[in-house]
Amino acid sequence: MAAVPTEGVRGIYLTGWAAGSHKRFNELVAMVDRTEINAMVIDVKDDGEITYECAVPLARTAHANVRMIRNLDERLATLNAHQIYSIARI
């Protein structure tokens, strides 16, 4: 993705559940496509739980991997295809 646009970044916040829900995620992408919004802040860590498939051994042994977002790579590819900035919230 290109540098930050001169008009600024306007984003919405997605919980791990919203980002992980195929239906809700696609609804939000469609909303971004038809508005001035150009970024999504995705919750990748919530109350000590990691919301995506994480390969860090400590996260696995501590059972911190909740994996609400089972296909993070696909989600990021979708955001890139729609020229939506992705921002991880920890």
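Please refer to the structure placed before this passage.
Values in this document were obtained by computation on a predicted structure and should not be read as measured data.

### Looking at the nonpolar core
Among the nonpolar cores identified, the biggest contains 14 residues, and Leu 14, Met 40, Ile 42 and Leu 79 are the most heavily contacted of them. Every element with two or more residues in this core is listed here: strand E1 (11–14), helix H1 (16–20), helix H2 (22–33) and strand E2 (39–43). Here the element with the most residues in this core is H2; it accounts for four residues.

### Observations regarding the packing of aromatic side chains
Each aromatic ring pair is specified by the distance between its two centres and by the angle formed by the two planes. Throughout the structure, instances matching the rule amount to zero aromatic pairs. It is Arg 75 that lies over the ring of Phe 25; its NZ or CZ is 4.6 Å from the centre.

### Overview of the sheet that holds strand E6 (residues 85–89)
Pairing between the strands of a sheet is mediated by backbone hydrogen bonds and can be parallel or antiparallel. Taken together, the three strands give an open sheet; going across it, the order is E1-E2-E6, and neighbouring strands pair in parallel fashion. Bordering the open sheet on either side are E1 and E6, each of which pairs with just one other strand. Shown here is a sheet whose adjacent strand axes are inclined to one another by a mean of 25°, direction ignored. Contacts from H2 reach E1 and E2, with the element oriented near 175° to E1.

### Comments concerning the pattern of salt bridges
In total, this model carries two salt bridges according to the counting rule given. For Glu 27, the salt bridge identified is with Arg 24, shortest N-O distance 3.1 Å. Separated by three residues within a single helix, Glu 27 and Arg 24 lie in helix H2, roughly one turn from each other. Asp 43 is the partner of Arg 89 in a salt bridge, and the nearest nitrogen-oxygen pair spans 2.9 Å. Linking Arg 89 in strand E6 with Asp 43 in strand E2, this pair joins segments that are 46 residues apart in sequence.

### Description of the side chain of Arg 75
One can find Arg 75 in helix H4 (residues 72–81). Within the buried core, Arg 75 has no salt-bridge partner, and the shortest N-O distance to an opposite charge, that of Glu 74, equals 5.3 Å. Discounting chain neighbours no more than four positions away, the residues touching Arg 75 are Ala 19, Gly 20, Ser 21, His 22, Phe 25 and Ile 69.

### Overview of the sheet that holds strand E3 (residues 45–46)
On the basis of which strands lie adjacent, the open sheet formed by three strands has the order E3-E4-E5 and mixed pairing. The sheet terminates laterally at E3 and strand E5 (65–69), the two strands that pair on one side only. Relative to strand E4 (residues 49–52), E3 runs antiparallel, the two sharing two bridges. Within E4, the position partnered with Asp 46 by the bridge is Glu 49.

Cut-offs and rules
- Residues numbered from 1 in each chain as written.
- Predicted model: local features only at pLDDT ≥ 70, side-chain atom pairs only at ≥ 80, totals over all residues.
- Heavy atoms only, no water.
- Core = buried A, V, L, I, M, F, W, Y, C linked by side-chain atoms within 4.5 Å.
- Buried < 20%, exposed > 50% of the residue type's maximum accessible area, 1.4 Å probe, protein only.
- Helix = DSSP H or I, 4+ residues; strand = E, 2+ residues; numbered from the N terminus.
- Phe/Tyr/Trp six-rings, centres within 6.5 Å; stacked < 30°, edge-to-face > 60°.
- Lys NZ or Arg CZ within 6 Å of the ring centre and 35° of its normal.
- Pairing = 2+ DSSP bridges.
- Axes fitted to C-alpha atoms, helices over the stretch in contact; angles between N-to-C directions.
- Contact = heavy atoms within 4.5 Å.
- Salt bridge = Lys/Arg side-chain N within 4 Å of Asp/Glu carboxyl O.
- Lys, Arg positive; Asp, Glu negative; His and termini not counted.

None of the figures reported here should be taken as evidence of function without further support.
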